[in-house]
Amino acid sequence: MTSTRLVPVETLHRIVEVASRAPSVHNTQPWRWRGGAHTLELYADTSRQLRETDPDGRNLTLSCGVALHHAQVAAGALGWETRVARHPDPAQPDLLAFLDLTPGHLPATAEETLTALDRRCTDRRRFTAWPVPEERQAHLARLANHWGARAVALTDESERFIAERLVRRAHQLQWVNPAARAEQASWQRRGSDDGVPAGALPGADDLAGAHPHRFQGAWEDRAAPDLETSDGLLVFFDTYDDAPAWLRAGEGLGAMWLAATTAGLALVPLSQVIEVPETRTAFQAEVLGSLAHPLLLVRVGWRSTGRPLPARTPRRPVSEVLELD
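No experiment lies behind these values; they were computed from the predicted model shown. Each chain has its residues counted from 1, running along the sequence as written. Residues qualify for local features only when their pLDDT is at least 70, as the model is predicted, and side-chain atom pairs are given and counted only at 80 or more; totals for whole chains, interfaces and linings, by contrast, use all residues. As a convention, hydrogens and water are excluded, and side-chain values are obtained from all of the structure's heavy atoms.

(A) Region of the structure containing the sheet that holds strand S8 (residues 293-302). Strands were regarded as paired on the criterion that DSSP finds at least two bridges between them. Segments assigned H or I by DSSP are reported as helices when at least four residues long, segments assigned E as strands when at least two residues long, and all are numbered from the N terminus. Pairing is antiparallel in the open sheet, where four strands are placed in the order S5-S6-S8-S7. Of all the strands in the sheet, the pair left with one neighbour each is strand S5 (151-153) and strand S7 (265-269). Taken over all neighbouring pairs, the strand axes of this sheet differ in orientation by 25 degrees on average, direction set aside. Examined bridge by bridge, strand S6 (residues 232-238) and S8 share seven bridges and lie antiparallel to one another. Note on S8: the bridge partner recorded for Val235 is Leu297. Fitted lines through C-alpha atoms serve as axes, helices being fitted only where they are in contact, and the angles separating the N-to-C directions of these axes extend from 0 to 180 degrees.

(B) Representation of empty space enclosed by the protein in the model. Residues are said to line a cavity or pocket when one of their atoms sits within 4 Å of a point; the points come from a 1 Å grid over protein atoms alone, cavities being sets where a 1.4 Å probe fits but cannot get out and pockets being open sets with protein on both sides within 12 Å along at least five of seven lines. Grid points are joined across faces, edges and corners, and a volume is the space filled by probe spheres set on the points. Per the counting criterion, the structure on display carries two cavities of 30 Å³ or more. Within this model, the largest cavity holds a volume of roughly 80 Å³. Together, His26, Thr53, His171, Gln174, Trp175, Ala180, Arg181, Glu183, Gln184, Arg214 and Gln272 line the largest cavity. Taken together, the elements giving at least two residues each to the lining of the largest cavity come down to helix H5 (157-175) and helix H6 (178-186). Per-element tally for the lining of the largest cavity: the top contributor is H6, with four residues.

(C) Region of interest: the side chain of Glu275. Within the fold, Glu275 resides in helix H9 (residues 272-275). Here a polar contact is taken to be a pair of N or O atoms separated by no more than 3.5 Å, where protein atoms must pair a possible hydrogen donor with a possible acceptor and residues adjacent in sequence count only if both atoms sit in side chains. Polar side-chain contacts of Glu275 include one of 2.9 Å to the side chain of Asn59. Reaching out from Glu275, the side chain makes a polar contact with the side chain of Gln174 at a distance of 2.8 Å.

(D) A look at the sheet that holds strand S2 (residues 39-44). With mixed pairing, five strands are arranged side by side in an open sheet as S3-S4-S2-S1-S9. The open sheet is flanked by strand S3 (80-86) and strand S9 (322-324), the only strands paired with a single partner. Here the average twist between neighbouring strands, direction ignored, is 20 degrees. Sheet topology note: the S2/strand S4 (residues 95-103) ladder contains five bridges and is antiparallel. In the sheet register, Leu42 faces S4, and the bridge partner there is Ala97. Whether two residues touch is decided by their heavy atoms; if any such pair falls within 4.5 Å, the residues are in contact. Across the face of the sheet, helix H2 (residues 58-77) comes into contact with strand S1 (31-35), S2, S3 and S4 while running at roughly 155 degrees to S3.

(E) Expanded view of the environment of Arg86. Along the chain, the position of Arg86 falls in strand S3. For Arg86 and Leu96, which are ten residues apart along the polypeptide, the C-alpha to C-alpha distance reads 5.8 Å. Side chain to side chain, Arg86 and Glu251 meet in a polar contact 2.7 Å long.

(F) Inspection of helix H1 (residues 9-19) at higher detail. Buried, partly exposed and exposed residues are distinguished by accessible area as a fraction of the type maximum, computed with a 1.4 Å probe on protein chains only: under 20%, between the cut-offs, and over 50%, respectively. Every buried residue belonging to H1 is among Thr11, Leu12, Ile15, Val16, Val18 and Ala19, and all of these are buried. Along the axis of H1, the buried residues cluster in a sector spanning 165 degrees; they form a single face. Think of it as the arc spanned by the lines of direction from the helix axis to the C-beta atoms.

(G) Quick look at the packing of H2 against helix H8 (residues 243-263). Viewed as axis vectors pointing N to C, H2 and H8 meet at an angle of 50 degrees, and their least axial separation amounts to 7 Å. Regarding the angle of H2 to H8, the classification is oblique. Judged by the twist between their axes, the crossing of H2 over H8 is right-handed. Packed against H2, whose contacting residues are Arg58, Thr61, Leu62, Cys64, Gly65, Val66, Leu68, His69, His70, Gln72 and Val73, the element H8 presents Ala243, Trp246, Leu247, Ala249, Gly250, Glu251, Leu253, Gly254, Ala255 and Leu258 at the interface. Here the angle decides the label: under 35 degrees means roughly parallel, over 145 means roughly antiparallel, 65 to 115 means roughly perpendicular, and every other value means oblique. Should the near helix be turned counterclockwise from the far one by less than a right angle, the crossing is left-handed, whereas a clockwise turn marks it as right-handed.

(H) Just the pattern of salt bridges, in detail. Put simply, a salt bridge is a Lys or Arg side-chain nitrogen that is within 4 Å of an Asp or Glu carboxyl oxygen. Tallied over the entire structure, the rule returns 21 salt bridges. Across the pair Asp194 and Arg48 runs a salt bridge, and its minimum N-O distance is 2.9 Å. You can see Asp194 sitting in the loop between H6 and helix H7 (204-207) and its partner Arg48 sitting in the loop between S2 and H2, a full 146 residues away along the chain. Both residues of the pair, Asp194 and Arg48, belong to the buried class. For Arg312, the salt bridge goes to Asp118, with nearest N and O atoms at 3.2 Å. With Arg312 in the loop between S8 and helix H11 (318-321) and Asp118 in helix H3 (residues 110-119), this residue pair connects regions lying 194 residues apart in the sequence. Note on Arg312: relative accessible area 47%, which makes it partly exposed.

Below, the structure written as structure tokens:
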């Protein structure tokens, strides 16, 4: 006997479509969805895991956490309430979340929310010179914390100096690692549905005065970043360094990124410093005082209002990531 479908297929399709706009490391899109009569299940797609730079699946799970956040927000904007069970079945570690959908009310801000989710992008171009106020950074951290994550802004000059130094060190270590470089390059030479195409990366004119990004090659000859820079640094952390903590951090990142997009801010993940064991351990000791595990570092700054958004990165079709019962 087949169960009566309570949530229209078109609605499940739209939720997953919006959730799939979530950012993911190298645009790997490491998620799968399964839709039932009134449910969605989120699975980690480990076939898309970066085995060299993400052997534990930290970035993979973080990426899925952002998709989980986007799915909940999209469902709400479409008039559906969600109850979420995270890691509901220990026998299925790839099953990250179970969403139960029930009819709700269509909010007045529905269209605005869906538009912001669709506009969200990773903008690696230089920020404007306008400083990001500490209260604005604290507000972003509180939004992430509201979703179960733990985040804090790094406003102390010495903490920022250490963090910037470790970001550079992590990049240098990965750059001299042939396997890590090959893995990254393989996701820059993809088809039309995933990976990081050249058009999504800033050109030379947009990089003048900007912090270098992970796709730029060697940084050794570049000047050290100015500590008086106007951008903000925020770190996600937890007392545990495990899949539940990574998923929570991803949901918090999704909330932070959505708020940043709405406010005109650009957000860039600096995941390399956590990917490299040496710099992750140093960050834990020198920035967090060995009191917690760092999960992700992000940079935020004001996006120039006089230029268009960067090219959108591609996405796999919904039919490839959603299976219906």
